[in-house]
Amino acid sequence: MPALFDIDFTCAPALHLMRGDTFIETGTQAGESFEVALLLPFRKVYTVEVDRANYDRCVQRFQNRITMRWHPEFGCQRKGQIFFGSSPEVLPNLLKPEEKTVLWLDAHYVGNERREMDEKYGECALMAELAAITRVPWKERPVLLIDDAACFRGDFWRRREVNANFTPATWPTIGEVLLALEGHGYTMKIIGDIIWLW
């Protein structure tokens, strides 16, 4: 499944949308996207992981590489931070309505270990994440990037090679995602395997 480094940052909409105050990733896993995000022009980069083993590995991996960046208003700040917990429960503490924010939503089960998901939210926490995001009184609505767009199309689950560990009924459709964002003024475009919403 693609990571953040698969995005061509030189083309639209990436060229105009991948900048702001804060970048938040849900679903750290091995930390590939987090590593790329630390190089992007954001003042703060956060990632949230529900699996303790993945979280511990990433804390170890990035302990000496999370950068300090000087910001004239706030002084020296830690740029990157890894949070442990379920993304729908951690997000409300990270979302700041006054900050221009980009969210990379990738906290869904990938068919490996069942421990890599919170049973409370099932295989795909996306709808609960969107509920947390849309409750915020944003000054400027955040850009949303949802990884693994194919998983939100019904025909994907009818393919024989799909891992038998998945429960397709627990995944929302693209239509349900758009319904959850109704009234928030989003434009959607699917590029590769990523759903862009801005």
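Values in this document were obtained by computation on a predicted structure and should not be read as measured data.

(A) View of the overall build of the chain. Of the regular secondary structure elements, the chain holds 6 helices and 9 strands. A separation of at least 24 residues holds for 70% of the contacts in the chain among residues at least 6 apart in sequence. Surface accessibility of the chain: about 9,900 Å² in total, with carbon and sulfur atoms responsible for 51%.

(B) Local environment of the layout of surface pockets. Computed from the structure, the largest pocket encloses a volume of approximately 430 Å³. For the largest pocket, the lining is made up of 32 residues, of which Gly27, Gln29, Asp106, His108 and Val110 are closest to its centre. For the lining of the largest pocket, the secondary-structure elements that each account for two or more residues are α2 (32–37), β2 (42–49) and α4 (87–94). Partitioned by chemical class, the residues of the lining of the largest pocket number 12 nonpolar, 12 polar and 8 charged.

(C) Spatial organisation of the packing of aromatic side chains. All told, the structure shown has 7 aromatic pairs when counted by the stated rule. What links up through ring pairs into an aromatic cluster is the set Tyr109, Phe152, Phe166 and Trp171. The ring of phenylalanine 84 has arginine 52 lying over it, and the distance from NZ or CZ to the ring centre is 4.0 Å.

(D) Structural detail: the pairing of β2. Of all 8 residues in β2, 8 are buried, a share of seventy percent or more. Pairing between β2 and strand β5 (residues 80–84): 5 bridges, direction parallel. Note that in β5 the partner of valine 45 across the bridge is glycine 80.

(E) Focus on unusual backbone geometry. The phi angle at glutamine 29 is positive, at roughly 50 degrees, despite the residue not being glycine. Relative to the helices and strands, glutamine 29 resides in the loop between β1 (20–26) and α2. On the basis of relative accessible area, glutamine 29 is assigned to the partly exposed category, the value being 33%. Phi is positive for aspartate 148, close to 65 degrees, though the residue is something other than glycine. Along the chain, the position of aspartate 148 falls in the loop between β7 (143–147) and α6 (174–180).

(F) Up close: the environment of valine 90. Assignment of secondary structure puts valine 90 in helix α4. With relative accessibility at 11%, the residue valine 90 sits in the buried group. Residues within four places of valine 90 in sequence aside, it is in contact with Val48, Phe83, Phe84 and Gly85.

(G) Molecular detail of the packing of α4 against helix α5 (residues 126–134). Orientation of α4 relative to α5, taken along the N-to-C sense of each, is 20 degrees, at an axis distance of 9 Å. In terms of their interaxial angle, α4 and α5 are classed as roughly parallel. Of the two possible hands of crossing, α4 and α5 adopt the one that is right-handed. The residues of α5 that touch α4, namely those facing Ser87, Pro88, Leu91 and Pro92, are Ala128, Glu129, Ala132 and Ile133. Residues of the contact of α4 with α5, tallied by class, amount to 6 nonpolar, 1 polar and 1 charged.

(H) Broad picture of the pattern of salt bridges. Tallied over the entire structure, the rule returns 5 salt bridges. Linking glutamate 35 and arginine 61 is a salt bridge whose minimum nitrogen-to-oxygen distance equals 2.7 Å. Of this pair, glutamate 35 sits in helix α2 while arginine 61 sits in helix α3 (residues 52–62); the two residues are 26 residues apart in sequence, bridging distant segments of the chain. Arginine 61 sits in the partly exposed class, given a relative accessible area of 31%. As a salt-bridge pair, glutamate 89 and lysine 120 come within 3.0 Å of each other at their nearest N and O atoms. Of this pair, glutamate 89 sits in helix α4 while lysine 120 sits in the loop between β6 (101–105) and α5, placing them 31 residues apart in sequence. Connected via shared salt-bridge partners are Arg43, Lys44 and Glu99.

Rules behind the numbers
- Residues numbered from 1 in each chain as written.
- Predicted model: local features only at pLDDT ≥ 70, side-chain atom pairs only at ≥ 80, totals over all residues.
- Heavy atoms only, no water.
- Helix = DSSP H or I, 4+ residues; strand = E, 2+ residues; numbered from the N terminus.
- Contact = heavy atoms within 4.5 Å.
- Areas by Shrake-Rupley, 256 points an atom, 1.4 Å probe, with all protein chains shown as cover.
- 1 Å grid on protein atoms, 1.4 Å probe; cavity = no way out; pocket = protein on both sides within 12 Å on 5 of 7 lines; lining within 4 Å.
- Points joined across faces, edges and corners; volume = space filled by probe spheres on them.
- Nonpolar A, V, L, I, M, F, W, Y, C, P; charged D, E, K, R; others polar.
- Phe/Tyr/Trp six-rings, centres within 6.5 Å; stacked < 30°, edge-to-face > 60°.
- Lys NZ or Arg CZ within 6 Å of the ring centre and 35° of its normal.
- Buried < 20%, exposed > 50% of the residue type's maximum accessible area, 1.4 Å probe, protein only.
- Pairing = 2+ DSSP bridges.
- Axes fitted to C-alpha atoms, helices over the stretch in contact; angles between N-to-C directions.
- Parallel < 35°, antiparallel > 145°, perpendicular 65-115°, else oblique.
- Left-handed = near helix turned anticlockwise from the far one by under 90°.
- Salt bridge = Lys/Arg side-chain N within 4 Å of Asp/Glu carboxyl O.

By themselves, these are just geometric observations and shouldn't be taken as functional.
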